[in-house]
Each structure stands twice: as C-alpha cells, then as structure tokens.
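Per-entry structural report
Residue-level listing of the chains:
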Amino acid sequence: MSVLFCSSITIGADQLDQAISKHRMGTLIIEGPAGAEVDVKQLRHSFWFGAALANQMFSGSKNSPSAEKYKSVFLENFNAAVTENALKWPSMQRTRDRIDYSVVDAMLRWTEEHEIPLRGHNVFWGVQKFVQDWVQELDDAELKETLRQRALTIAKRYRGRFAEYDLNNEMLHDNFYERRLGPNITKEMADWFREGDPNAVLYLNDYDILTGNRLNDYVKQINDFLGQGVAIGGIGVQGHLHGDSFDPVKLKHSLEALGKLNLPIRITEFNLPGQRSTFHRQRQSSMTAEQEQAKAKAIVEYYRICFANPNVDGILMWGFWESACWIPASALFKKDWTPTPAALAYRDLVYRQWWTDESTKFDEHGKTNVRVFYGKHRVRCGNVETIVEITPKDRVLTVQL
C-alpha cells in the first residue's frame, strides 16, 4: 500500500496547526466571581464531521440489533449526516406510478430527534445510466413537466427539514437532462426547487476534483452556472477518487482554488482507500496490520488539510461500518464493530486534539479568556452553568455567569 501522508514535509505540520488555530477557534471571554474556578467543555463542533446513512438501517426491521448498534455508533462519532441512497430518484420512484418516501422520512425523523443536520443526496442525477428507463422514455414536454413535479414535490414535502441538497449530481461527467432539454435546465431545476422551498440550499456535487484532474473544468462550470443565475448555495466535492492514499499537495491546491469562488465547500463522499484502489475492485480484500496503520495516518492527514482550510465546512464519510460501506476496507469499524486504527486516530483527532476541555480560574477582575473550537460548549462555575455556541462569525463571545 503506497501512502503519501507527507504533509509534515510537503505542506508543514506547523502551517496546518496555525491555520487550524486561526480558522477553527475563537475566544470565550467569561465573567464570574473573582478567583473561582470555571470549566469549559465542548458538546458539539460547528464543523460537520459526518457520515452517510445506509438505507437498510432505516427500513424493514428498524429496531434490529444491527440497526440500533449502527445508530448508536453513529451518534458517538458523527455530528452530521447525508442520505446515501434514500433520496435518489431511482430509489424513491422506480416506476412512474409509485413513490416511496418511507426511508427518507425515517432518516429525517431520526436525525431531527438527535439534532443531526442531514444533506439530501440527491434530487436529480443526470448521468444517463442512473436515469430510470421510464424517465428516459418521456417526450421532451413530459420530461420537463416530470422534472418540475419532482423538484416541487420534494421541496414542498421536506421544506425546511434538510440542511442542504445536491441538486443534480455529477453534471461535469454527464447530463442527460441538459442534452434533452437544453443548457438552461439546471437553472430551471433550481428555480422550481426554490419555488417549493424558498430557503433551500442547493449544492453542486462532483468527483475527481480534489485529485486536480477535473478542477479547472469544475471551476469553469460553477462560474458558468453562477453567470446564468443558478441559485448555487455551495460546492460539493467527492473525496473518493484517489487510490490507496492521496496527494496532499493536490488536495490543498484544489481546496484553495475552489475557495476563491466564495462558496462553502463540503467534502461530500470520503473514502480511504478510494475508488481507484484495489480495495474498490476487490471488495472482500482485507487489509494487513501495516495497511491499517497507513490508512489511519492518511485519514488524519486528509482531515487536517481540510480542517485547516477556512472555506471547508465539513467532511462526510461515505460509510463507516464494514457491513454497510461502499468500499468495505475504508470503514472505521469492522463487521463485529471492532474499531480499526483509523477509527481510533479519527476519534483522537476530532474528540481530543480538536476538542475543548479546559479548567481555569477567574482573575482578580472576575474575567478569564478561553480559546475554544467553534461549536457548542457548556460553561460551568460551581452550580451555575450555561450553554453557549460560538461560530466563525462571532470569533469572540462574552459569557456572563
């Protein structure tokens, strides 16, 4: 397994640490009794450390031991989610006369119960092989009206419930709808959706961008859509088109180039090893102990580069359990739920290195300053406590106890 986790040499560990401190931390100015001790404990990151939700865990026997364990482990490790397949049009409406909302509804109920923001992936997918036969058989007028109804129906039914949506997946690689209905169809899709949900946040989503291979094409496409007036709310970049590892320099460069578009960025579908690895082609292959350690180091490096970039708002793994993961070897947890070295490294990074847990004392003026990672925190002094949330928009927040 060839590993390129060399940013400590190529990019510089100190450079990443400084960027993380600058872009991912703010200051709580806490006021209370002089000399008293105050504790600040983080409850949740504002940055999305998320994962995809598998259909089978929200359908059929929803209270099965596997489903319960799956949900419990998710909540212990992630703070954001994305529908892996549930919202995809072919999954919801395989035939023209029947739409199945059950799995999407179940995912939304569960994520809302646990205050987990959920991405809707995806409303449309214009890669022709993923367009249902019955949709392809429609004439142009019927096709356009059917697209309009799909957009309006999803937008109205789930108004205000999804944090964001991928509007039309992977248009850089194929767009059946544009070939059939012309270059304005993306804007029409967005307009129809915003008609049903005026506050919907619509993302583009594509692959082979963070490798650098299609970066320039994607930047041009985004600028073209913005020029048309398409209501783009963010940039989705899939994180699984590398091989056994990734090129940290190309990753960093790609994120910086996309950041110049001044739109939020999500790493929407992350696997390591990725789609160009032998582990994608040979799904049943197992990693050696050495490969598991290399995977853990590479994942940490990937996350550090992304977390250091101020335009990246989150990373979502494309599966986390070996029995429900597109590339099983990339999962954090084995079939028996044993954590891999990557799981331990991920948790150390997110819940220890990037987690606020501070105790200090108020000075003689009854003040103290605490540097914290952006997110929700509990501030406690004696029997008095308050919950505060500090975001990058705040940077400095005053708390009175």
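Turning to the overall build of the protein, a few remarks are in order. Within the protein one finds 13 helices and 17 strands. Whereas a compact globule of 401 residues would reach a radius of gyration of roughly 21 Å, the protein reaches 22 Å, a difference of no more than 12%. Residue burial in the protein is summarised as follows: out of 401 residues, 55% are buried. The long-range share in the protein, meaning contacts at least 24 apart out of those at least 6 apart in sequence, stands at 79%. Summing over all exposed atoms, the protein offers an accessible surface of approximately 17,200 Å²; the carbon and sulfur share of this is 46%. Side chains of the protein carry 49 positive and 51 negative charges; the gap between the two charge centres is 1 Å.

Ordered by their spatial adjacency, 3 strands build an open sheet running β14-β1-β17, and the pairing between neighbours is mixed. With partners counted over all chains shown, the strands left at the sheet margins are β14 (367-373) and β17 (396-400), one partner each. Each strand of the sheet is rotated relative to its neighbour by a mean of 25°, with strand direction disregarded. One ladder, built from 5 bridges, connects strand β1 (residues 25-31) with β17; its direction is parallel. When the sheet's bridge partners are listed, Ile 30 is paired in β17 with Val 399.

Of all hydrophobic cores here, the largest spans 105 residues; its most connected members are Tyr 70, Tyr 165, Tyr 177, Ile 267, Tyr 303 and Phe 320. In terms of residue count, helix α12 (residues 289-308) provides more of this core than any other element does, 10 residues in total. When near neighbours in sequence (up to four residues on either side) are disregarded, Phe 320 contacts Ala 51, Ala 52, Tyr 70, Val 73, Phe 74, Phe 78, Cys 325, Ala 331, Leu 332, Phe 333 and Trp 337. Counting residues in each nonpolar core, the second largest holds 14 residues, with Leu 28, Val 38, Phe 362 and Tyr 374 among its members.

Following the criterion strictly, the structure yields 31 aromatic pairs and no others. The interplanar angle of 50° and the centroid separation of 6.2 Å between the aromatic rings of Phe 333 and Trp 337 together place this pair among those described as tilted. Both residues of the pair, Phe 333 and Trp 337, count as buried. The ring of Tyr 203 has Arg 119 sitting right over it, with the charged end atom 5.1 Å from the ring centre.

The end-to-end C-alpha distance of helix α6 (residues 140-157) is 26 Å, a good match for the 26 Å that 18 residues give at a rise of 1.5 Å each. Along α6, the residues that are buried comprise Leu 143, Thr 146, Leu 147, Arg 150, Ala 151, Leu 152, Ile 154 and Ala 155. Residues of α6 that are buried in the fold lie against α3 (89-92), β6 (124-125), α5 (133-136), β7 (164-166), α7 (176-181) and α8 (185-196). N-cap assignment for α6: the residue whose side-chain oxygen lies 3.2 Å from the backbone N of Ala 141 is Asp 139.

Bringing the packing of α6 against α8 into the picture now. Direction vectors running N to C along α6 and α8 enclose 35°, while the axes themselves pass 7 Å from each other. Taken as a pair, α6 and α8 cross one another with a handedness that is right-handed. Contacts between α6 and α8 involve Lys 144, Leu 147, Arg 148, Ala 151, Leu 152, Ile 154, Ala 155 and Lys 156 from the first element and Ile 185, Glu 188, Met 189, Trp 192, Phe 193, Glu 195 and Gly 196 from the second. A breakdown of the residues in the contact of α6 with α8 according to their chemical character gives 9 nonpolar, 1 polar and 5 charged.

Turning next to the packing of α12 against helix α13 (residues 341-353). The geometry of α12 relative to α13 is characterised by a closest axis approach of 8 Å and an angle of 30° between their N-to-C directions. The angle between α12 and α13 places the two elements in the roughly parallel class. Crossing angle aside, the handedness with which α12 passes α13 is right-handed. The residues of α13 that touch α12, namely those facing Glu 292, Gln 293, Lys 295, Ala 296, Ile 299, Val 300, Tyr 303 and Arg 304, are Pro 341, Ala 342, Ala 345, Tyr 346 and Leu 349. Partitioning the contact of α12 with α13 into residue classes produces 9 nonpolar, 1 polar and 3 charged.

Let us look at helix α2 (residues 65-77). For α2, built from 13 residues, the straight-helix expectation of 18 Å at 1.5 Å per residue is met to within 8% by its first-to-last C-alpha distance of 18 Å. Within the span of α2, buried status applies to Ala 67, Tyr 70, Lys 71, Val 73, Phe 74 and Asn 77. Taken around the axis of α2, the buried residues stretch over an arc of 165°, which confines them to a single face. Those residues of α2 that are buried lie in contact with β3 (48-53), β4 (80-83), α4 (102-113) and α13.

Cut-offs applied
Residues numbered from 1 in each chain as written. Predicted model: local features only at pLDDT ≥ 70, side-chain atom pairs only at ≥ 80, totals over all residues. Heavy atoms only, no water. Helix = DSSP H or I, 4+ residues; strand = E, 2+ residues; numbered from the N terminus. Rg over C-alpha atoms; globule rule 2.2 N^0.38 Å. Buried < 20%, exposed > 50% of the residue type's maximum accessible area, 1.4 Å probe, protein only. Contact = heavy atoms within 4.5 Å. Areas by Shrake-Rupley, 256 points an atom, 1.4 Å probe, with all protein chains shown as cover. Lys, Arg positive; Asp, Glu negative; His and termini not counted. Charge placed at Lys NZ, Arg CZ, Asp CG, Glu CD. Pairing = 2+ DSSP bridges. Axes fitted to C-alpha atoms, helices over the stretch in contact; angles between N-to-C directions. Core = buried A, V, L, I, M, F, W, Y, C linked by side-chain atoms within 4.5 Å. Phe/Tyr/Trp six-rings, centres within 6.5 Å; stacked < 30°, edge-to-face > 60°. Lys NZ or Arg CZ within 6 Å of the ring centre and 35° of its normal. Expected span 1.5 Å × (residues − 1). Polar contact = N/O pair within 3.5 Å; in protein donor to acceptor, adjacent residues only side chain to side chain. Left-handed = near helix turned anticlockwise from the far one by under 90°. Nonpolar A, V, L, I, M, F, W, Y, C, P; charged D, E, K, R; others polar. Parallel < 35°, antiparallel > 145°, perpendicular 65-115°, else oblique. Arc of directions from axis to C-beta.

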